[in-house]
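# Coordinate inspection notes
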Amino acid sequence: MAGSLPLSAVVLAAGRGVRMRSGRPKPLHDVCGRAMLLHVIDAVAAVNPRRIAVVVGFGAEEVAKHVTEEAFDLRIDFVEQPVQRGTADAAALGLSALDGDVDDEDVLVISADLPLIEGQTLRNVAAQHRLAGSAATVAAGAEEPAEIVCFRRSLLSPALRRLAADDSGREHSLADAVSVLTSAGHDAGSYAVDSSEVWGVDDREQLAFAEAEMRQRINRNWMVAGVRIMAPHSAYIDVSVKLAPDVVIHPGVVLRGQTVIGEGAVVGPHTHLIDCVVGSRAVVEAVSATDAEIGAGANVGAYITLEPGAQIPSESTEGD
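Residues numbered from 1 in each chain as written. Predicted model: local features only at pLDDT ≥ 70, side-chain atom pairs only at ≥ 80, totals over all residues. Heavy atoms only, no water.

## A short note on the nonpolar core
Heads up, the rule is: Take the buried Ala, Val, Leu, Ile, Met, Phe, Trp, Tyr and Cys residues and link them wherever side-chain atoms come within 4.5 Å; each set so joined is a nonpolar core. Only protein chains enter the accessibility calculation, which uses a 1.4 Å probe. A residue is then buried if its area is under 20% of the maximum for its type, exposed if over 50%, and partly exposed in between. Working definition: helices are DSSP H or I runs of at least four residues, strands are E runs of at least two. Numbering for both runs from the N terminus. For this analysis, residues touch if any pair of their heavy atoms sits within 4.5 Å.
Counting 39 residues, the largest nonpolar core has Ile-237, Ile-249, Leu-255, Ile-261, Leu-273, Ile-294 and Leu-306 as the members making the most contacts within it. The leading source of residues in this core is helix H7 (residues 204-224), at five residues. Leaving out residues up to four positions away in the same chain, Leu-273 has contacts with Val-254, Leu-255, Arg-256, Thr-259, Ile-261, Val-267, Val-278, Val-287 and Ala-289. Among the nonpolar cores identified, the runner-up in size contains 35 residues, and Ala-43, Val-67, Val-125 and Val-198 belong to it.

Below, the structure is given as structure tokens:
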């Protein structure tokens, strides 16, 4: 059993995303206020990896800059895949960015276009891989394997070199690397995951589906935490928003960025707040505001716009 081995991670984020029809690198497309790639890195971080390597391609500098700024507390190395030669080639480049300070380790390889993957799921994949001592463990949804595989590094490296030596001209995938290992007599296992966690995002329609699923997840978690959301289907809450217990969210509310809502505050209907602070017991109805602060017990509305930097004193009334 390989339970004592350390673990590193390789995130594959080199894809251009042609079907997105966008000049923005695909990994940076937003899902509920956070780039797809960052959602994946957040899940990977839950496994507590020794190192994280991110393989970038189209828009490499932009992607690396964004990740460095938003995930500054993690040790992340970047390596570029200048020509798209498949996920096996990308994984090989990712391994090259990991140092050789350890004799052997497990390596979790995951695609950056799986923003719905949960950290607990990745922990489970790694745990099963280690328990079984397999050469590879593939995360599999109900329909097909996902682009998530945990490998033994000492076995993956030669498998990838064998694929690189293939002169057929075709691109090779992670599945091809697994096939090389099983053909050599090594064991490969699988771990069943909820299909909703491994929906890949390759176009705008799939991005919308991922956004809707993530939004439901966010709203469900807040309701479990003691927030009342009157109409969950119409509440748009970014992952970075913070809500205290007993907050009431009315229909048509959009909360974005670093917005913080204090205990017992009532927000909406038809309120749009970006990077705002709302004090406890405040009532905010039909307000649009960016970078504003509303004091505790204040009453603000209706149908007004607060200018950036506006400060509404506690227990005061603003608007009708």
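## Focus: the pattern of salt bridges
What counts here: Only one rule defines a salt bridge in this text: a Lys or Arg side-chain nitrogen within 4 Å of an Asp or Glu carboxyl oxygen.
A full pass over the atoms with the stated rule returns 15 salt bridges. Note that Glu-105 and Arg-50 form a salt bridge whose closest N and O atoms lie 3.1 Å from each other. Of this pair, Glu-105 sits in the loop between helix H3 (87-97) and strand E6 (106-111) while Arg-50 sits in the loop between helix H1 (36-45) and strand E4 (52-56), and the two are 55 residues apart along the sequence. Its relative accessible area of 0% is what places Glu-105 among the buried residues. Overall, the relative accessible area of 25% leaves Arg-50 in the partly exposed class.

## Observations concerning unusual backbone geometry
For the bond running from Gly-268 to Pro-269, omega is 5°, close enough to zero to count as cis. You can see Pro-269 is positioned in the loop between strand E16 (266-267) and strand E17 (271-274). For the bond from Gly-301 to Ala-302, the omega torsion is -5°, close enough to zero to count as cis. Within the chain, Asn-48 stands out as a residue other than glycine whose phi angle is a positive 60°. Among the secondary structure elements, Asn-48 is positioned in the loop between H1 and E4. Using a relative accessible area of 66% as the deciding quantity, one classes Asn-48 as exposed.

## Quick notes on the sheet that holds strand E14 (residues 253-256)
What holds strands together in a sheet is hydrogen bonding between their backbones, with the strands either parallel or antiparallel. For clarity, the threshold we go by: When DSSP finds two or more bridges between two strands, those strands count as paired.
The strand order E11-E14-E17-E20-E23 describes an open sheet built from five strands, whose pairing is parallel. The open sheet has two free edges, formed respectively by strand E11 (236-237) and strand E23 (304-306), since each of these has just one partner strand. Where E11 and E14 come together, two bridges link them in parallel fashion. When the bridges of E14 are listed, Ile-237 appears paired with Leu-255.

## With respect to the state of the cysteines
Let me state the cut-off plainly: What counts as a disulfide here is a pair of cysteine sulfur atoms lying within 2.5 Å.
Throughout the structure, instances matching the rule amount to zero disulfides. Between Cys-276, a cysteine without a disulfide, and Cys-32, which holds the nearest cysteine sulfur, the sulfur-to-sulfur distance is 18 Å. Given a relative accessible area of 1%, Cys-276 falls into the buried group.

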